[in-house]
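Overview (structure and organization)
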Amino acid sequence: EDQVTQSPEALRLQEGESSSLNCSYTVSGLRGLFWYRQDPGKGPEFLFTLYSAGEEKEKERLKATLTKKESFLHITAPKPEDSATYLCAVQAGSNTGKLIFGQGTTLQVKP
Amino acid sequence: EAGVAQSPRYKIIEKRQSVAFWCNPISGHATLYWYQQILGQGPKLLIQFQNNGVVDDSQLPKDRFSAERLKGVDSTLKIQPAKLEDSAVYLCASRKGDRVTDTQYFGPGTRLTVL
């Protein structure tokens, strides 16, 4: 069964304190791994898509990496506005585009 | 470009009542998804449409949930009758391209509370 597990469930950082969020997955034939950001009361906002092991993508203070078993979202020198829930999702070998989400990591960055 | 629109944003009903949610996808997006997000969990796919047709409804509780997409644009999701465990945020997403890995864009969601 396709499965996605994110850790930690919650993370508190001081402003400027870099860290990483983990997304471990088991899936039959990975087609893509997606990172979304979700603010309270809002829908998920797209951040990155990674397609193959070794791929990396960056956006401002965020950098996503992918291996054959997991993905990391690295946050460098975070700011309070980076506080949100970060969701990881995988797309398996089926051709429907269905996303299988992890439970998310809630990040709080204190000034 | 306008994003995915959903209404209402909030709904409170008694168990056994009926409720309907509406979604207007991004213009030109052929694929539309409905997801259910229970508090503290990631979204879970309920149903996927490609234009007017259903592509995947394997996780839709068909005894109480129904959905339709009229003329390949707007979509409605209905619950009849609602149960306490249906309390969740219902998210609509749409995708433009033909590639399944193309980005899905989400609306703000409808928060349903069943009392």
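Reading the values: rules and limits
- Residues numbered from 1 in each chain as written.
- Chains lettered and ligands numbered in written order.
- Predicted model: local features only at pLDDT ≥ 70, side-chain atom pairs only at ≥ 80, totals over all residues.
- Heavy atoms only, no water.
- Helix = DSSP H or I, 4+ residues; strand = E, 2+ residues; numbered from the N terminus.
- Rg over C-alpha atoms; globule rule 2.2 N^0.38 Å.
- Buried < 20%, exposed > 50% of the residue type's maximum accessible area, 1.4 Å probe, protein only.
- Contact = heavy atoms within 4.5 Å.
- Buried area = accessible area lost by both parts, 1.4 Å probe.
- Salt bridge = Lys/Arg side-chain N within 4 Å of Asp/Glu carboxyl O.
- Polar contact = N/O pair within 3.5 Å; in protein donor to acceptor, adjacent residues only side chain to side chain.
- Nonpolar A, V, L, I, M, F, W, Y, C, P; charged D, E, K, R; others polar.

1. Brief notes about the overall build of chain B
Looking only at helices and strands, chain B features zero helices and eleven strands. Going from the N terminus to the C terminus, chain B shows its helices and strands as β-β-β-β-β-β-β-β-β-β-β. The C-alpha atoms of chain B give 13 Å as radius of gyration, which agrees with the globular expectation for 115 residues (13 Å, within 12%). Overall, chain B is about 40 × 25 × 25 Å in size when its C-alpha atoms are taken along their principal axes. Burial status across chain B gives 48% buried among its 115 residues.

2. Overview of the environment of B:Val54
Residue and element names in this part refer to chain B. By the element assignment, valine 54 lies in strand β6 (residues 53-56). Once the C-alpha coordinates of valine 54 and threonine 31 are considered, the two residues, 23 residues apart in sequence, prove to be 9.8 Å apart. Setting aside residues no more than four positions away along its own chain, valine 54 makes contact with Ile47, Gln48 and Phe49.

3. Some details on the interface of chain A and chain B
Chain A puts 22 residues into the contact, and the matching count from chain B is 23 residues. Across the interface of chain A and chain B, roughly 1700 Å² is buried in total on both sides, 52% from carbon and sulfur atoms. Linking chain A with chain B are zero salt bridges. Linking chain A with chain B are three residue pairs in polar contact (both at pLDDT 80 or more), by the criterion used here. Of all the elements in the fold, those that place two or more residues in the side of chain A that touches chain B are β4 (32-38), β5 (45-50), β9 (84-91) and β10 (99-101) of chain A. With four residues, the top contributor of residues to the side of chain A that touches chain B is β4(A). Here the side of chain A that touches chain B is built from residues that sort into eight nonpolar, eleven polar and three charged.

4. A closer look at unusual backbone geometry
In this structure, the amide linkage connecting A:Ser7 to the following residue, A:Pro8, adopts the cis form with an omega of -10°. Position of A:Pro8 among the secondary structure elements: in the loop between β1 (3-7) and β2 (10-14). For the peptide bond that leads from B:Ser7 to B:Pro8, omega is -10°, which places it in the cis range. Mapped onto the elements of the fold, B:Pro8 is located in the loop between β1 (5-7) and β2 (10-13). One non-glycine residue, A:Glu60, lies in positive phi territory at about 55°. By the element assignment, A:Glu60 lies in the loop between β6 (56-59) and β7 (62-66). Since its relative accessible area comes to 72%, A:Glu60 is described here as exposed. Phi at A:Ala77 is positive, roughly 45°, even though this residue is not glycine. Note that A:Ala77 resides in the loop between β8 (70-75) and β9.

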